[in-house]
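What follows is each chain in one-letter form.
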Amino acid sequence: MHAHAPIIAAFDPDSGARAPVEFGVAASRVTGAPLVLVVVHKGEHAGDGDGALDRLRQDLEGRDTAAEVRMVEGNTAAQGLERAMRDLEPELVVVGATRRSASGSMLVGTTAERVLHASRCPVAVVPQGYEAPAGGVRLVGVAFAPTPEGRDALHVAATLARSRGVALRAITALDPAHAEDQSPGLLARQHHDADPAEDVHARERLGAVAAFQQAVADAAPDLETDLDVLVQDPADALVAAARHVDMLVMGSRAYGPKRAVLLGSVSRRVMEQATCPVLIVPRGAAEGTASLLADAESHIKTT
């Protein structure tokens, strides 16, 4: 068992896709957590994708990046990763998303879905072809909703931004159904010309914005933070916002009856279409999340 909980990054030698590995390397450097590359194989003999695994090892050594490679048997990639998660108790799991050939957007496949369902720690879903920004992560985005999981995501994003000394962008989406509603004036009220519902919607919007501002002030009083209040469908808003950040942090729903993480429609759409890595913070995964944040905060003190 590692002294620190490790970061697990999935690697498939047959495809040679390195997106999860690249994000895992970046996360390991941020937190100081050891990196374990998990290769899932069927049967007794593991394929190396015509030398893809050896080339990856050589590349990482050339970049002075230490990573353990662990071969795990499983009938599917998800099954092997679940086994590695049970054995290693990681603080972060990194998986890739496949890409639709028609539209070019990411598709959250069965591997990412099953890993999220089994995870007790944050899970990063990384788009195909991802390469770490030349200047490193400079802007962390976070999707905020006035829910426990939304506040958890804000706390995680603020800590990660703080650990790197980078900017934070907090994003919230308001119901577009009443985007054009205006608070009626006193004269309109006196003459009963105002729709009472309009006043309710206006107050709800103002209250939502105030709660958003207060949550950010509480979680990140010391950070340079942009606040984006978008009046549109939440998934559309976050997909658009993801084009302008280096990483997007989101919460998930609480565990279901079988202790599986429930992936909402907004989270799924964002992971399918976002152009940056999406870090999902499962509500209830307190131990794994705490380990990740403790390592990030330790980095603050030693750099």
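Residues numbered from 1 in each chain as written. Predicted model: local features only at pLDDT ≥ 70, side-chain atom pairs only at ≥ 80, totals over all residues. Heavy atoms only, no water.

1. Points about the side chain of E22
The topology assignment puts E22 in helix α1 (residues 19-31). If we ignore the near neighbours within four places in the chain, the residues touching E22 are R63 and Y130. (Helix = DSSP H or I, 4+ residues; strand = E, 2+ residues; numbered from the N terminus. Contact = heavy atoms within 4.5 Å.)

2. Quick notes on α1
Its 13 residues give α1 an end-to-end C-alpha distance of 19 Å, which sits within 8% of 18 Å, the value for a rise of 1.5 Å per residue. Across the 13 residues of α1, 11 count as buried, placing the element largely inside the fold. Every buried residue of α1 is accounted for by A19, P20, V21, E22, F23, G24, V25, A27, S28, V30 and T31. Two residues or fewer after α1 comes G32, characterised by a positive phi angle close to 80°. (Expected span 1.5 Å × (residues − 1). Buried < 20%, exposed > 50% of the residue type's maximum accessible area, 1.4 Å probe, protein only.)

3. Side note on the pairing of strand β7 (residues 123-126)
Of the two faces of β7, the one holding V123 and V125 and the one holding A124 and V126 are both buried throughout. Sheet topology note: the strand β4 (residues 92-96)/β7 ladder contains 4 bridges and is parallel. Across the sheet, residue V95 finds its bridge partner in β7, namely V125. In this sheet, strand β12 (residues 278-281) lies alongside β7 in antiparallel orientation, the contact comprising 3 bridges. The residue of β12 that forms the bridge with A124 is L279. (Pairing = 2+ DSSP bridges.)

4. Digging into the pattern of salt bridges
A full pass over the atoms with the stated rule returns 10 salt bridges. Note that R63 is salt-bridged to D59, the shortest N-O span being 3.0 Å. The exposure class assigned to R63 is partly exposed, which follows from its relative accessible area of 28%. Where E82 meets R114, a salt bridge forms, and the shortest distance between an N and an O atom there is 3.0 Å. Of this pair, E82 sits in helix α3 (residues 77-88) while R114 sits in helix α4 (residues 110-118), and the two are 32 residues apart along the sequence. What emerges from the salt-bridge pattern is a single network uniting R18, E22, D59 and R63. (Salt bridge = Lys/Arg side-chain N within 4 Å of Asp/Glu carboxyl O.)

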